[in-house]
Amino acid sequence: YYNEADAIDIVELANQQRALWLADQARIDRCGSSWLKEHHGRQWGEEPLPATGGTGAADATATVGTVFIGSTTIPDPAAMYATDPAGLRYQVLTNVTTPGSGTATLSLGAIDTGTQTNIASGVVLTWANGPVGADEQFESTAAFTGGTDKESDAEFASRLLARIRHKPASGN
C-alpha cells in the first residue's frame, strides 16, 4: 500500500502546485505578464500605456519667408524633421513662416519614443529634410518634456489596482 499512497501523493502534489499557480494568477499584483494583459487588463478595459515622444521648442534661422512644413500627425512623411546627436527624430508640428527677424520658433514632437527624447535646452539638431533657405543646424530653446517609456508590467498592475480601488464616479 505504501507505493500506491506515494504515487497518489505525487499526483496530488502536482495538483496542489497547479492550484497555487492559478491562485497567483487571480491576483493582479502576483500574476504573470500574459494574465495581467489578457485577463485582468481586458476585464477592466485597460491596456499598458505605450511609449511617447517628447515635445519642445527650437529656434531655426532661415531667410525671411522660408516655410517650415509641419503636421500634428506623427510621423508624417510630408512634415519636416530633424535629428539629434543620438539619431532620434523630431518633427515640426505646425507650419511656420520665417519672420523678418530671420529666426523661426518651431514646435517639435519626437517621432521616436522614450525618455531619451526629453532632450535638454541647447541640444543641436540637424535637418534631415529641412527647407531651402534654412541653416542646416539649429538648437532646442527649452528642455523637451513628455517622453515616456512603455509602461512596465509592475506599473500597469499598480495602475489597475488603483483603478479598482478608486473606481471612476464611485463617489457619485
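Before reading further, recall that the structure is shown in the block above.
Rules behind the numbers
- Residues numbered from 1 in each chain as written.
- Predicted model: local features only at pLDDT ≥ 70, side-chain atom pairs only at ≥ 80, totals over all residues.
- Heavy atoms only, no water.
- Helix = DSSP H or I, 4+ residues; strand = E, 2+ residues; numbered from the N terminus.
- Buried < 20%, exposed > 50% of the residue type's maximum accessible area, 1.4 Å probe, protein only.
- Contact = heavy atoms within 4.5 Å.
- Lys, Arg positive; Asp, Glu negative; His and termini not counted.
- Charge placed at Lys NZ, Arg CZ, Asp CG, Glu CD.
- Pairing = 2+ DSSP bridges.
- Axes fitted to C-alpha atoms, helices over the stretch in contact; angles between N-to-C directions.

Brief notes about the overall build of the chain
Then step 1. Of regular secondary structure, the chain possesses three helices and eight strands.
Then step 2. Secondary structure elements of the chain, listed N to C terminal, follow the sequence α-α-β-β-β-β-β-β-β-β-α.
Then step 3. The principal-axis extents of the C-alpha atoms in the chain amount to approximately 95 × 45 × 25 Å.
Then step 4. In the chain, which comprises 172 residues, the share counted as buried stands at 29%.
Then step 5. Of the contacts formed within the chain by residues at least 6 apart in sequence, a portion of 64% connects residues at least 24 apart.
Then step 6. Across the chain, 11 positive and 20 negative side-chain charges occur, with their mean positions spaced 10 Å apart.

Considerations on the environment of Gly-102
Then step 1. Turning to its location among the elements, Gly-102 is positioned in the loop between β5 (96–97) and β6 (103–110).
Then step 2. Assessed through its relative accessible area of 11%, Gly-102 is described here as buried.
Then step 3. As a C-alpha pair, Gly-102 and Ala-62 span 40 residues in sequence and 5.4 Å in three-dimensional space.
Then step 4. Dropping the residues within four chain positions of it, Gly-102 is found in contact with Ala-60, Thr-61 and Ala-62.

Quick notes on the sheet that holds strand β8 (residues 137–140)
Then step 1. Pairing within the closed barrel is antiparallel, and its six strands lie in the order β1-β6-β4-β3-β7-β8. Each neighbouring strand pair of the sheet contributes to a mean axis angle of 40°, computed without reference to strand direction.
Then step 2. Judged from the seven bridges that link them, strand β1 (residues 55–61) and β6 form a sheet pairing that is antiparallel. The residue of β6 that forms the bridge with Ala-57 is Ser-107.

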